[in-house]
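# Commentary on secondary and tertiary structure
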Amino acid sequence: MSARTVAVVLAGGVGVRVGLGMPKQLIRIAGKAIVEHTLERLEASTLIDEVIVMMNAASIRELDHLMADPRFTKLSAVLPGGETRNDSTKLALAALADDESTKVLFHDAVRPFLDDRIIEDCVRALDEYDAVDTAIPSADTIVEVAEDSTIAGIPPRATLRRGQTPQGFRLGVIRRAYELADGDPAFSATDDCGVVFTYLPEVKIKVITGTAENMKVTEPLDIHIADKIFQLQSTELTSGLADPAAADVLRGRSVVVFGGSYGIGASIARQAEAAGARVHAFSRTETGTDVTSRSQIRRALKRAAADGGIDHVVITAGVLSISELVRTPKKLLRATLETNLLAPAMIAQEAHDHLAASGGQLLLFTSSSYTRGRAGYSLYSATKAGVVNLAQALADEWADSGIRVNCLNPQRTRTPMRTQAFGDEPADSLLDPEYVASVALRVLESDLTGQVVDVRVAAAPR
């Protein structure tokens, strides 16, 4: 019988450096608290038998709901951590059963990009070694600094590594190391491998290779980097053209499309219907639905809900005009703002209860111009940046309601709106709306939330 493997998630940080007034493990990225992303990675591994979280004692109640969350069947306890990392480790060791052959992995809660390969390498290494560390080569030269702030030494970079987690141990070994450390009044260590290295020097510590993505969210900049990594991880949704008839996840579901009479919206409606969904497409031209009118939005949603509820709401309606801001007529200024930003906000308000009842998804559309304002259509760029922020904020606000919120960001797409604004353009420089629609359906089928999914011309099938 093989030894059990227990993962201990160290979540005792208070988030002082990240500067957001809350423990960093509770910060939401891509619609979930960082610690939830980490727990999902451990839950998904077939090599992990049990998970324990050592939480900041002052905020421990913030994780009570996870114990009843069906996503985390392996989570057996959320326990108060100690004042230091080493204190939290000792409390975890005291809570574990007395089987010294148990494999224990200690992992930082704020490393949400742990992958299956790292977990497997750590667990397998413990078949041969009693301790294992995760580390990556240092891309920077490491400088040893003297007390007077001058260089005291420059170790050869080839032998240096940057430590990560998980760190893994046979339970009896890490317990023995801490017992010896407790007897040393000068004890000091920044990680658990350091305790074994200092007090059990005869124990070889195997080093397995981590990944650059397995970063620790500590500084404010790290949050932005982590958010971008989550975006990059959604790229598999944009590889190749999906067969909508095979999208069984949408079969029998209700999909509402605002802006469904032409362009991307019409393609989404057609493909969703081909996938077996009940589709309700609304637009000014086909159904007389004005997305800037709350009463008409409410009437459209009520009509769709009467057909068996609403599982997904997609908003593709938008206005694009080329004009310098100082030359833009007041009427066009208002129409751009109301259609591109206020309408999605009103639709979100009106759709909330329907989507909460179904545990569904709201899918918004932005434009590649959201990353940097474009001269000639400044307000359009500004409203599309607003849509991105709206999607990310709603993913956080609606997480407890079970509603997913995402935003699709297609590059230049061959639609009537674009042709009207820019005229004829080289065909190979534009996305096919059918391809964009196929990606939209994949997002609807996924469990993503809080994501901006880029759809790029270079990745589209030819």
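Residues numbered from 1 in each chain as written. Predicted model: local features only at pLDDT ≥ 70, side-chain atom pairs only at ≥ 80, totals over all residues. Heavy atoms only, no water.

Turning next to the sheet that holds strand β1 (residues 5–11). Overall, mixed pairing links the seven strands, which are arranged β5-β4-β1-β6-β10-β7-β11 in an open sheet. Unpaired on one side and paired on the other, β5 (75–80) and β11 (205–209) mark the two borders of the sheet. The average undirected angle you get between the axes of adjacent strands in this sheet is 25°. Of the strand pairs in this sheet, strand β6 (residues 103–108) and strand β10 (residues 161–170) are connected by four bridges, and their pairing is antiparallel. Opposite K103, over in β10, you have R170 as the bridge partner. (Pairing = 2+ DSSP bridges. Helix = DSSP H or I, 4+ residues; strand = E, 2+ residues; numbered from the N terminus. Axes fitted to C-alpha atoms, helices over the stretch in contact; angles between N-to-C directions.)

Right, let's get into the packing of aromatic side chains. Using the criterion set out here, one finds five aromatic pairs in the structure. Ring centres of F113 and F230 lie 4.6 Å apart, and the angle between their planes is 55°; on these two criteria the pair is classed as tilted. Taken together, the positions of F113 in the loop between β6 and α3 (116–125) and F230 in helix α6 (residues 220–232) put the pair 117 residues apart, joining distant regions of the chain. Three or more aromatic residues joined by ring pairs make a cluster, and in this case those are Y178, F187 and Y199. (Phe/Tyr/Trp six-rings, centres within 6.5 Å; stacked < 30°, edge-to-face > 60°.)

Now for the pattern of salt bridges. Taken as a whole and judged by the stated rule, the model has 24 salt bridges. In this structure, K32 and E40 form a salt bridge, with 2.8 Å as the shortest nitrogen-oxygen distance. When its relative accessible area of 13% is taken as the criterion, K32 is described as buried. Between R85 and D108 there is a salt bridge, with the nearest N and O atoms lying 2.7 Å from each other. Residue R85 is found in helix α2 (residues 85–95), and its partner D108 is found in strand β6; the two are separated by 23 residues along the sequence. (Salt bridge = Lys/Arg side-chain N within 4 Å of Asp/Glu carboxyl O. Buried < 20%, exposed > 50% of the residue type's maximum accessible area, 1.4 Å probe, protein only.)

Moving on to the nonpolar core. Ranked by internal contacts, the top residues of the largest apolar core, which has 33 residues, are V256, F258, L301, V313, L362, L364 and V405. Taken together, the elements giving at least two residues each to this core come down to β12 (254–258), α9 (294–305), β14 (312–315), α10 (330–358), β15 (361–365), α11 (378–397) and β16 (404–410). Ranked by the residues each element gives to this core, the list is headed by α11, at seven residues. With 30 residues, the next largest nonpolar core counts V35, I48, V132 and I208 among its residues. (Core = buried A, V, L, I, M, F, W, Y, C linked by side-chain atoms within 4.5 Å.)

What follows deals with a nonpolar patch on the surface. Taken together, the side chains of V143, V145, I151 and I154 present a nonpolar region at the surface, about 370 Å² in accessible area. Among the secondary structure elements, V143 is positioned in the loop between β7 (131–137) and β8 (144–145). For V143, a relative accessible area of 39% gives the class partly exposed. (Patch = residues over 30% accessible without salt bridge, like charges linked within 9 Å, V, L, I, M, F, W, Y side chains within 5 Å. Areas by Shrake-Rupley, 256 points an atom, 1.4 Å probe, with all protein chains shown as cover.)

What follows covers the sheet that holds β12. Ordered by their spatial adjacency, six strands build an open sheet running β13-β12-β14-β15-β16-β17, and the pairing between neighbours is parallel. Both edges of this open sheet fall to β13 (278–282) and β17 (452–455), since each of them pairs with a single strand only. Pairs of neighbouring strands in the sheet enclose a mean axial angle of 20°, with direction left out of account. Pairing of β12 with β13 involves five bridges; the strand directions are parallel. Within the sheet, the bridge partner assigned to S254 lies in β13 and is R278. Across the sheet, α10 lies against β12, β14 and β15, angled at about 170° from β14, the strand it touches most. Along the sheet, α11 contacts β15, β16 and β17; its crossing angle with β16, the most-contacted strand, is approximately 155°. (Contact = heavy atoms within 4.5 Å.)

Looking now at the confidence of the model for the chain. On average, residues of the chain carry a pLDDT of 88, and 89% of them reach 70 or more. Across the chain, element-level confidence peaks in β14 with a mean pLDDT of 98 and bottoms out in helix α12 (residues 416–422) with 59. In this model residues 241–246 is a low-confidence stretch, pLDDT under 50, and it forms 14 contacts with partners more than four residues away in sequence or in other chains. (pLDDT = per-residue confidence, 0-100.)

Burial of β14 is two-sided: the residues H312 and V314 facing one way and the residues V313 and I315 facing the other way are all buried. Sheet analysis places β12 next to β14, joined by four bridges and oriented parallel. Paired with F258 across the strands is I315, a residue of β14. In this structure, β14 lies alongside β15, joined through three bridges in parallel fashion. By the bridge assignment, V313 is partnered in β15 with L362. Crossover handedness for the path β14 to α10 to β15: right-handed. (Right-handed = clockwise from strand over helix to strand, strands pointing away.)

One way to put it is that α10 packs onto α11 with a least axis distance of 9 Å and a crossing angle of 10°. Relative to α11, the element α10 lies roughly parallel. Contact residues: L333, T336, L337, N340, L341, P344, A345 and A348 in α10; L379, Y380, T383, G386, V387, L390 and L394 in α11. Here the residues of the contact of α10 with α11 sort into 11 nonpolar, four polar and no charged. (Parallel < 35°, antiparallel > 145°, perpendicular 65-115°, else oblique. Nonpolar A, V, L, I, M, F, W, Y, C, P; charged D, E, K, R; others polar.)

Another point: helix α7 (residues 263–274). An ideal rise of 1.5 Å per residue puts 16 Å on 12 residues; α7 measures up with 17 Å between its terminal C-alpha atoms. Turning to α7, its buried residues are G263, I264, G265, A266, S267, I268, A269, Q271 and A272. One or two positions beyond α7, positive phi appears at G276, with a value near 95°. (Expected span 1.5 Å × (residues − 1).)

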